[in-house]
Amino acid sequence: MEKKIVLLPGDGIGKEIMESAKKVLAAIESEYHHRFILQECAIGGDALDRYGVPLPDDTLHACNEADAVLLGSVGGPKWDNQPPEFRPEKGLLGIRKGLGLFANLRPVKTFPALLHASPLKEEIVKDSDMMIVRELTGGLYFGEPSERRNNGEDVVDTLAYSRHEIERIVEKGFESAQIRNKHLTSVDKANVLESSRVWREIVNEKATDYPDVKVEHLLVDAAAMKLITNPSGFDVVVTENLFGDILSDEASVLTGSLGMLPSASVRTDGLGMYEPVHGSAPDIAGKGIANPIGMILSTALMLEYSLGMQEEAKAIESAVMDCLEQGYHTADLKIKDGKQMSTDEITEAIIENLTTKCISDSICSSYV
Ligand code: NAD
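Residues numbered from 1 in each chain as written. Predicted model: local features only at pLDDT ≥ 70, side-chain atom pairs only at ≥ 80, totals over all residues. Heavy atoms only, no water.

Draft legend 1. Layout of the pattern of salt bridges. Considering all chains together, one arrives at 27 salt bridges under this definition. Among the ionic pairs, arginine 180 bridges to aspartate 129, the shortest N-O distance being 3.3 Å. A residue pair is termed long-range when its members are at least 10 positions apart, and arginine 180 in the loop between helix H6 (163-178) and strand S8 (183-188) and aspartate 129 in strand S5 (residues 129-135) qualify at 51 residues. Assessed through its relative accessible area of 27%, aspartate 129 is described here as partly exposed. In this structure, a network of salt bridges that share partners links the residues Glu19, Lys22 and Glu40. (Salt bridge = Lys/Arg side-chain N within 4 Å of Asp/Glu carboxyl O. Helix = DSSP H or I, 4+ residues; strand = E, 2+ residues; numbered from the N terminus. Buried < 20%, exposed > 50% of the residue type's maximum accessible area, 1.4 Å probe, protein only.)

Shown next, in the form of structure tokens:
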């Protein structure tokens, strides 16, 4: 297959971990006989320095023409005192909006070698493997009016959704459940909010189109509790913007390290932007010690969701898992009797596992 991928390294460790993603893509190209046409573009502080804006038109145009987009991270103290329009984060919001990415997908999976690093007891967190599907462009964060009134004595925010916006994210939730373990938890606050009652009606209507998926409704407060008492009880969670923002951050700490988590923002035609959930980590940027696993798993997610390469994605995930089982880790992780590695070294160790697995399983031979 031939696919066009835009790379947006961004700032801080974004540049370093993007190099890891490029090496993994090169390994997949040669093992599976694909061709990836890579185009590197500027975003965030890097774009501000080079072009005076956080999201150049050329970057947005290139992303719109691509099959998928990989992003490192943006931001850093250098640009912290810029006016809001000239902050690196503006580039991030701009590209999500400019590409019409309405669904955020966040897989959260625990790694056996890292169970000890979770803030939860090992027996509670083990076997957790969920996907949170969050609506990204509507709800309380975008509703109008959102303003102070009466000289600041009163304030209003608006939670607004159209039926179309709810339908398309609910469909994304069902589709995700279909390719996973066919269990969808819809999270709302239907005992209080009218928007949640409409949300629940739409989930029930859509359920008839996906008879193979078991649907469960959970109030957001109960969902927050279940995340820390029985996280392995979730498969796919679908929810609106605000609830998803909070629950996905709560879920992200279960694995014990920010550096391990991938994410995706997608639209209906399959185009998606894939990025680790962490930021540009200015405190460790340039030291060569950043954990590239969140970026490498984002690359796997991109292959699976936007490029139709499920086998290749699985091979990357299992190479990461093997590497951790072998005791290899970066400075942000601790594995008992393990070996601490630099960003480059752990990337090479993952690629070594990937290529060895390919040869021993012969999973790639059918692609020759
Ligand atoms: P951060 O995620 O960059 O860092 C938080 C802590 O986690 C730091 O101690 C950092 O060293 C560590 N860390 C993060 N990723 C790591 C990795 N891959 N390997 C090892 N350690 C890692 O969050 P922050 O410090 O609050 O923000 C720094 C900058 O990043 C800010 O400018 C912020 O706006 C930006 N940011 C960008 C994004 C994004 O690009 N999507 C997301 C969050 C924050």
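Draft legend 2. Structural context of the packing of helix H10 (residues 293-305) against helix H11 (residues 310-325). The interhelical angle for the contact between H10 and H11, taken along N-to-C directions, is 160 degrees, at an axis separation of 7 Å. One way to sum up the angle between H10 and H11 is to call them roughly antiparallel. In the packing of H10 onto H11, the handedness of the crossing is left-handed. On H11, the residues that touch Ile293, Ile296, Leu297, Ala300, Leu303 and Glu304 of H10 are Gln310, Glu312, Ala313, Ile316, Glu317, Val320 and Leu324. Class assignment for the residues of the contact of H10 with H11 results in nine nonpolar, one polar and three charged. (Axes fitted to C-alpha atoms, helices over the stretch in contact; angles between N-to-C directions. Parallel < 35°, antiparallel > 145°, perpendicular 65-115°, else oblique. Left-handed = near helix turned anticlockwise from the far one by under 90°. Contact = heavy atoms within 4.5 Å. Nonpolar A, V, L, I, M, F, W, Y, C, P; charged D, E, K, R; others polar.)

Draft legend 3. Broad picture of the site of the ligand. In the neighbourhood of the ligand, 20 residues make up the surrounding shell, with Val74, Glu89, Gly279, Ala281 and Asp283 lying closest. Its free accessible area being 810 Å², the ligand has 68% of it covered by the protein chains. By residue class, the composition of the shell around the ligand is eight nonpolar, eight polar and four charged. (Near = heavy atom within 4 Å. Areas by Shrake-Rupley, 256 points an atom, 1.4 Å probe, with all protein chains shown as cover.)

Draft legend 4. Spatial organisation of the pairing of strand S2 (residues 35-40). Across six bridges, the pairing between strand S1 (residues 2-10) and S2 is parallel. In the sheet register, isoleucine 5 faces S2, and the bridge partner there is leucine 38. With respect to chirality, the unit in which S1 leads through helix H1 (residues 13-32) into the neighbouring parallel S2 is right-handed. (Pairing = 2+ DSSP bridges. Right-handed = clockwise from strand over helix to strand, strands pointing away.)

Draft legend 5. Local environment of the sheet that holds S5. Reading across from one edge, S2-S1-S3-S12-S11-S4-S5-S10-S8-S9 is the order of the ten strands in this open sheet, with mixed pairing throughout. Two strands lie at the open edges of the sheet, namely S2 and strand S9 (214-219), each paired on one side alone. Averaged over all adjacent pairs, the angle separating strand axes in this sheet is 25 degrees, with direction ignored. As defined by bridge partners, S8 adjoins S9 across six bridges and the pair is classed as parallel. By the bridge assignment, aspartate 188 is partnered in S9 with leucine 219.

Draft legend 6. Layout of the environment of glycine 173. For glycine 173, the position within the fold is in helix H6. According to the relative accessible area criterion, glycine 173 is buried, its value standing at 0%. Each C-alpha atom of the pair glycine 173 and serine 118 lies 27 Å from the other, and the pair is 55 residues apart in sequence. Not counting residues up to four positions away in its chain, the partners in contact with glycine 173 are Val133, Leu184, Val236 and Val238.

Draft legend 7. Inspection of the packing of aromatic side chains at higher detail. All chains considered together, the criterion is met by one aromatic pair. Ring geometry for phenylalanine 174 and tyrosine 210: centres 4.6 Å apart, planes at 5 degrees, overall stacked. Placement of the pair is phenylalanine 174 in helix H6 and tyrosine 210 in the loop between helix H7 (194-207) and S9, with a sequence separation of 36 residues. Above the face of the phenylalanine 102 ring, arginine 168 is positioned so that its terminal group lies 4.3 Å from the ring centre. (Phe/Tyr/Trp six-rings, centres within 6.5 Å; stacked < 30°, edge-to-face > 60°. Lys NZ or Arg CZ within 6 Å of the ring centre and 35° of its normal.)

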